[in-house]
Amino acid sequence: MAGATALVMLASLCWGLSGGIGGILMADGWDAFVVSFYRGAIGLVFVLGWLAIRPGNSGLTNRKLWFWSAVAGLGVAGNFSFYFLSISEGSVAVAATLMYCAPVFVYLLSFALKLESPTRLKWAAIVMVMVGIVLLTRIYDVNAGGVTGLGVGAGLLAGLSYAIFIFGFKYAAPHGSPQAILTIAFTALVIILGVFGDSSEIAIALSTPDWPLFVTLGILGAGLSFIFYIIGLNHTAPAVASIVAMVEPVTASLFGVAVLDESLVMLQILGMVLILSTVTALSVFTGPKRTLPED
């Protein structure tokens with residue numbers, strides 16, 4: 001159990017660092033879609049290797065697996081792209097915290113699809129998260145600056161996209177292995193972002209001095225992290241995983257402050273704490289008790 005929890009924590013740490021690395025690349029002038037493309041493309045290489053090593057029970061002949069894995073790929077493509085766009089329009093700390101609101105979107109989608117029944121606790125948690133978002137983004141202060149409306153919207157869309165990934169993965173899981181699902185999902189991501197990204201930037205990115213950052217981003221942000229997370233989650237209680245996942249926004253925020261010279265005012269810190277504590281409590285006390293299928 002301790003080793004599995006460590007894998008979940010390591011995955012969250014990698015995701016937190018990937019936000020900071022993406023911030024550096026975009027500060028150097030790279031487009032958010034191009035940064036997201038390479039994060040997913042390099043991740044695809046790793047999950048293909050995982051599938052080659054563990055090909056059993058892949059389910060690759062199952063049409064439902066392909067459909068729901070493609071939905072998951074659409075979600076992760078949106079998550080990567082909107083997250084980096086939010087960073088470019090605001091800060092790593094704000095973008096990472098807004099993305100951490102994903103469980104709220106999962107519940108709202110579940111309510112809409114009648115997969116779960118709304119309760120007072122869940123609605124109270126959703127309201128608390130909304131208050132935290134107001135404090136974090138400072139939308140109450142028209143003169144605050146720093147975080148644009150596009151940045152706020154992109155951060156929330158990153159969370160919504162992650163919720164779509166969760167749903168896609170959940171419905172694909174009974175039909176095949178995690179490595180097969182991720183292979184299809186990342187392939188869909190590469191196709192989608194290859195279309196929407198700047199083709200000229202994609203073509204030259206790995207021949208520029210920034211290539212080590214692109215490779216590191218792909219390895220940490222998608223390659224190893226997703227593998228660590230899924231293997232660890234199979235042997236970690238969902239409540240523990242929810243708490244450990246807080247490592248991601250905290251790491252991203254510290255990276256932004258220490259490396260990118262970002263800053264937060266006290267009310268923004270209060271909003272961040274409110275969001276992280278509420279979402280974690282919501283996940284711990286009302287989250288599903290099932291784990292992902294074994295690989």
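First things first, this report covers the structure right here in the doc. Note that the structure is predicted; figures quoted are calculated from it, not measured.

Taken together, the side chains of Phe33, Ile191, Val195 and Phe196 present a nonpolar region at the surface, about 430 Å² in accessible area. Per-element tally for the nonpolar patch: the top contributor is helix H8 (residues 178-196), with three residues. By the secondary structure assignment, Phe33 is in helix H2 (residues 32-53). Residue classification places Phe33 among the partly exposed residues on the basis of a relative accessible area of 30%.

Take H2 next. Between its first and last C-alpha, H2 extends 32 Å over 22 residues, near the 32 Å set by a 1.5 Å rise per residue. Of the residues that open H2, the one with a side-chain oxygen 2.9 Å from the backbone nitrogen of Phe33 is Asp31.

Here the focus is the packing of aromatic side chains. How two aromatic rings sit relative to each other is given by the distance of their centres and the angle of their planes. Under the counting rule described, the total for this entry stands at 14 aromatic pairs. Here the aromatic rings of Trp30 and Phe214 are separated by 5.1 Å at their centres, their planes lie at 85°, and the arrangement is edge-to-face. Residue Trp30 is found in the loop between helix H1 (2-27) and H2, and its partner Phe214 is found in helix H10 (residues 211-233); the two are separated by 184 residues along the sequence. Given a relative accessible area of 11%, Trp30 falls into the buried group. The interplanar angle of 45° and the centroid separation of 5.3 Å between the aromatic rings of Phe111 and Trp123 together place this pair among those described as tilted. With Phe111 in helix H5 (residues 102-112) and Trp123 in helix H6 (residues 120-137), this residue pair connects regions lying 12 residues apart in the sequence.

With that out of the way, let us pick up the environment of Leu115. Among the structural elements, Leu115 can be located in the loop between H5 and H6. Residue Leu115 is classed as partly exposed on the basis of its relative accessible area of 41%. Once you skip the residues sitting within four places of it in the chain, Leu115 turns out to touch Ser110, Phe167 and Tyr171.

You can see Ser81 is positioned in helix H3 (residues 63-89). Those residues in contact with Ser81, other than ones at most four positions away along the chain, are Ala32, Phe33, Ser36 and Leu193.

Scoring rules and cut-offs
Here, residues in each chain are numbered from 1, in the same order as that chain's written sequence. Given that the model is predicted, a residue must reach a pLDDT of at least 70 before its local features are reported, and side-chain atom pairs must reach 80 or more before they are shown or counted; all residues, however, enter totals for whole chains, interfaces and linings. For side-chain calculations, the full set of non-hydrogen atoms in the structure is used, while hydrogens and water are omitted. Only residues whose relative accessible area exceeds 30% and that form no salt bridge enter a patch; like-charged residues are grouped when within 9 Å of one another, and nonpolar side chains (Val, Leu, Ile, Met, Phe, Trp, Tyr) when within 5 Å. Here the accessible surface of atoms and residues is derived via Shrake-Rupley with a 1.4 Å probe, and residues count as covered only by protein chains that are part of the display. We count a salt bridge whenever a side-chain nitrogen from Lys or Arg sits within 4 Å of a carboxyl oxygen from Asp or Glu. Secondary structure elements follow DSSP: runs of H or I no shorter than four residues count as helices, runs of E no shorter than two count as strands, and numbering proceeds from the N terminus. Three exposure classes are used, based on accessible area relative to the maximum for each residue type with a 1.4 Å probe and protein chains only: buried under 20%, partly exposed in between, and exposed over 50%. Multiplying 1.5 Å by the helix residue count minus one yields the expected span of that helix. Here a polar contact is recorded for every N or O atom pair within 3.5 Å, except that within protein the pair must consist of a potential hydrogen donor and a potential acceptor, and residues adjacent in sequence are included only if both atoms are side-chain atoms. Here the aromatic set is Phe, Tyr and Trp, taking the six-membered ring for Trp, and pairing holds for ring centres within 6.5 Å; pairs whose planes are under 30 degrees apart are stacked, those over 60 apart are edge-to-face, and all others are tilted. In what follows, residue pairs with any heavy atoms lying within 4.5 Å of each other are defined as contacts.

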